[in-house]
Amino acid sequence: MGVELPVSPRAPLSALDVRIRLICVILFSLVAATLQTPGALGAATAFSLALVAAARVPVKHLLQRLMVVNMFIAFLWFFLPWSMPGEELFRLGPVQVSGAGVGYALAITVRSNILVLAIIAFMSTASITSITRAMGLLRVPDKITYLFFFTYRYIGEISSERTRLVNAMRVRCFVPTTSLHTYRSYACLVGMLLVKSFDRARRVRMAMLLRGFDGRFPCLDAGRISKLDLISLGVLCLILLGVLYADRC
Amino acid sequence: MQTDADEIIRLEKVTFAYQGGPVVLDRLDFSVKRGARIGIVGPNGCGKTTLFHVIMGLIRPSSGSIRIFGREMTDERDFRLARRKAGFLFQNSDDQLFCPTVLEDVAFGPLNLGGLPAEAANAARKALAMLGISDFENRVCHRLSHGEKKLVALAGVMAMEPEVLILDEPTAGLDRGTRQRLLEILRGLEHTCIVASHEMDFLTQVTTTLYGMADGKIDMSEEVTVHSHVHLHAGGGYRHTHAELDDALSPMACSRPDSSSGGGE
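All values reported here derive from a predicted model rather than from experimental measurement.

### Focus on the overall build of chain A
Tallying secondary structure elements over chain A gives 8 helices and 2 strands in all. Scanning chain A from its N terminus toward the C terminus, one meets helices and strands in the order α-α-α-β-β-α-α-α-α-α. Compactness check: chain A gives a C-alpha radius of gyration of 23 Å against a globular reference of 18 Å for 249 residues, more than 25% above the reference. Reported as C-alpha extents along the three principal axes, the dimensions of chain A are approximately 60 × 60 × 30 Å. The burial tally for chain A puts 37% of its 249 residues in the buried class. Here chain A has roughly 14,700 Å² of accessible surface; of this, 70% comes from carbon and sulfur atoms. For chain A, the separation between the mean place of its 27 positive charges and that of its 12 negative charges on side chains is 8 Å.

And the structure:
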């Protein structure tokens, strides 16, 4: 699984300036995280699906990423339905499953999926350098930009390194079994991954320092915010206000 | 399709392109007979490494067929059997070594082939001795120099006693001394060999047949071209020869016309 989704240059959302998209993501996240009522959650879900369609995200990649998110959420379903007090929905032996618990777990599931869909829709059609540039232009603290950029960079590097090491094992006829040799080999793989990644990080840092890096990310091109960007932001704000109103009433 | 009992590797109409990239192997045909020592020459990016990765089953072509040791390669199981007899040396030895010590890394292959730890250690020591690096046994792989890593990687491949050796740019980044050592080792082996390189001098001393690779295909015409190299340096007007050229005109390389010296010869 690659780190970047295949970018569709003709997707409607690709036309928006990356700064506007970042602001949209932040506003959407703030609103979506607070929604409680089924009606508002339903409307927000429909809206985020429409955004994903507008971004023309490939379905297979979308489902892969949603699966990762939902694996974490699945843990919550093991605890919330019977740990929250409330009216009993049904019994599973000695364990009482409450309606409030199920409702809460469901709300978290829906909110998380809405958030991930919106982030994918807005940001998957932007390259990492344009996102970093946008963060700089929006005056996000440099340290956060730094951490974000290098986390991305090194996930890709570690993934490539892992592929190379696994190929080296395959080429010498390694077949995983339940044996001490297999566990030892995987331990070597993980150890080597850490050692090589650390070494590479040190070399990259030296290269950056030698070119005058001082923790900031200056931009070559500031980009332009157009009327379309401002109108889109305005429309999004209206939709979010409407959803919020529906939720509070 | 006619099959030759002596044919170790056969690729027919193999096509491969990296995701989102141009076609690297374009309906490529390639055949390697037992005992052959083949050099593949081509510039960077022509697909030599891709070709080898396809032969070793690390990547799958979009079309075409691959037969290794007479067996059609259809899935990972087939390639696993082929890898027991085909040794592959990566271009970058850093990618090949991953155990803490040299002995453990060289013994990794024999252990995978089902050897007991003691047998694998013996096989590793034998391979290290063959390459003259027995003293590397307890050294940390990660801290070896580039040339030392290359020799250890080769030992790791030789310890599995392969029938065919596939070497991807074996001299890349090596100093003259290590290069010479590698040359001597390879010239002393009797294995079937496929070597990819863009160093003509090395190829002409280690292999007996040269094929060019371009446009995603291998040119197996074995056409020979007479050519000369022009160069200049001080004293060129005086009658002279070049020591490196004398090496190149050794018996191994004498089967084809080679570069002629410039100047007064």
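Right, picking up where we left off after that structure.
### With respect to the sheet that holds strand S9 (residues 209-214) of chain B
Residue and element names in this part refer to chain B. In space, the 6 strands of this open sheet follow the order S6-S7-S8-S3-S9-S10, with mixed pairing throughout. The two strands at the open ends of the sheet, each matched to only one other strand, are strand S6 (86-89) and strand S10 (217-219). Averaged over all neighbouring strand pairs, the angle between strand axes comes to 20°, with direction disregarded. Note: strand S3 (residues 37-41) against S9, 4 bridges, orientation parallel. Looking across to S9, one finds that glycine 39 is bridged to leucine 210.

### Quick word on the sheet that holds strand S1 (residues 7-17) of chain B
Read from one edge of the open sheet, 4 strands run S2-S1-S4-S5 (chain B), paired in antiparallel fashion. On the outer flanks of this sheet lie strand S2 (23-33) and strand S5 (71-72) of chain B, each paired with one strand and no other.

### Description of the nonpolar core
Of all hydrophobic cores here, the largest spans 41 residues; its most connected members are Phe28(A) and Phe122(A). Here this core gets 10 residues from one element, more than from any other, and that element is helix H4 (residues 99-123) of chain A. Each residue touching Phe28(A), except ones within four places of it in the same chain, is listed here: Ala44(A), Phe47(A), Ser48(A), Leu51(A), Ile114(A), Ala118(A), Leu236(A) and Leu240(A). Listed in part, the 38 residues of the second largest apolar core include Leu11(B), Cys46(B), Leu51(B) and Val164(B).

### Some remarks on the pattern of salt bridges
By the definition in use, this model includes 27 salt bridges over all chains. The shortest N-O distance in the salt bridge between Asp78(B) and Arg71(B) comes to 2.9 Å. With relative accessibility at 7%, the residue Asp78(B) sits in the buried group. Residue Arg125(B) is joined to Glu137(B) by a salt bridge in which the shortest nitrogen-to-oxygen separation is 3.1 Å. One end of the pair, Arg125(B), is in helix H4 (residues 117-130); the other, Glu137(B), is in the loop between H4 and helix H5 (146-158), with 12 residues separating them in the sequence. Overlapping salt bridges, with partners in common, bring together Glu161(A), Arg164(A), Lys196(A) and Asp95(B) in one network.

### Digging into the side chain of Ser124(A)
In this structure, Ser124(A) sits in the loop between H4 and helix H5 (128-137). Among the polar contacts made by the side chain of Ser124(A), one reaches the main-chain carbonyl oxygen of Ile120(A) at a distance of 2.6 Å.

### Some points on the interface of chain A and chain B
Quite often, the size of an interface is put as the accessible area lost when its parts meet. Each partner contributes residues to the interface: chain A has 20 residues there, and chain B has 27 residues. Buried area between chain A and chain B, both sides added, is near 2,100 Å², and the carbon and sulfur share of it is 62%. Broken down residue by residue, the surface that chain A buries against chain B is led by Arg170(A), Val171(A) and Arg172(A), which jointly contribute 37%. Remark: the boundary between chain A and chain B carries 3 salt bridges. Ionic pairing is found between Asp95(B) and Arg164(A), a salt bridge with its closest N-O pair at 3.4 Å. Our count for the contact surface shared by chain A and chain B stands at 9 residue pairs in polar contact (both at pLDDT 80 or more). Going through the elements one at a time, helix H6 (142-171) and helix H7 (180-210) of chain A are the ones with two or more residues in the side of chain A that touches chain B. Tallied by class, residues from the side of chain A that touches chain B come to 11 nonpolar, 3 polar and 6 charged.

### Section: the packing of H5(B) against helix H6 (residues 176-188) of chain B
All names here are of chain B. Where H5 contacts H6, the axes come no closer than 10 Å and their chain directions differ by 15°. By the angle class used here, H5 and H6 are roughly parallel. Crossing hand, H5 versus H6: right-handed. Judged by residue contacts, Gly147, Leu151 and Leu154 of H5 engage Thr178, Arg181, Leu182 and Ile185 from H6. Split into classes, the residues belonging to the contact of H5 with H6 amount to 4 nonpolar, 2 polar and 1 charged.

Rules of the game
- Residues numbered from 1 in each chain as written.
- Chains lettered and ligands numbered in written order.
- Predicted model: local features only at pLDDT ≥ 70, side-chain atom pairs only at ≥ 80, totals over all residues.
- Heavy atoms only, no water.
- Helix = DSSP H or I, 4+ residues; strand = E, 2+ residues; numbered from the N terminus.
- Rg over C-alpha atoms; globule rule 2.2 N^0.38 Å.
- Buried < 20%, exposed > 50% of the residue type's maximum accessible area, 1.4 Å probe, protein only.
- Areas by Shrake-Rupley, 256 points an atom, 1.4 Å probe, with all protein chains shown as cover.
- Lys, Arg positive; Asp, Glu negative; His and termini not counted.
- Charge placed at Lys NZ, Arg CZ, Asp CG, Glu CD.
- Pairing = 2+ DSSP bridges.
- Axes fitted to C-alpha atoms, helices over the stretch in contact; angles between N-to-C directions.
- Core = buried A, V, L, I, M, F, W, Y, C linked by side-chain atoms within 4.5 Å.
- Contact = heavy atoms within 4.5 Å.
- Salt bridge = Lys/Arg side-chain N within 4 Å of Asp/Glu carboxyl O.
- Polar contact = N/O pair within 3.5 Å; in protein donor to acceptor, adjacent residues only side chain to side chain.
- Buried area = accessible area lost by both parts, 1.4 Å probe.
- Nonpolar A, V, L, I, M, F, W, Y, C, P; charged D, E, K, R; others polar.
- Parallel < 35°, antiparallel > 145°, perpendicular 65-115°, else oblique.
- Left-handed = near helix turned anticlockwise from the far one by under 90°.

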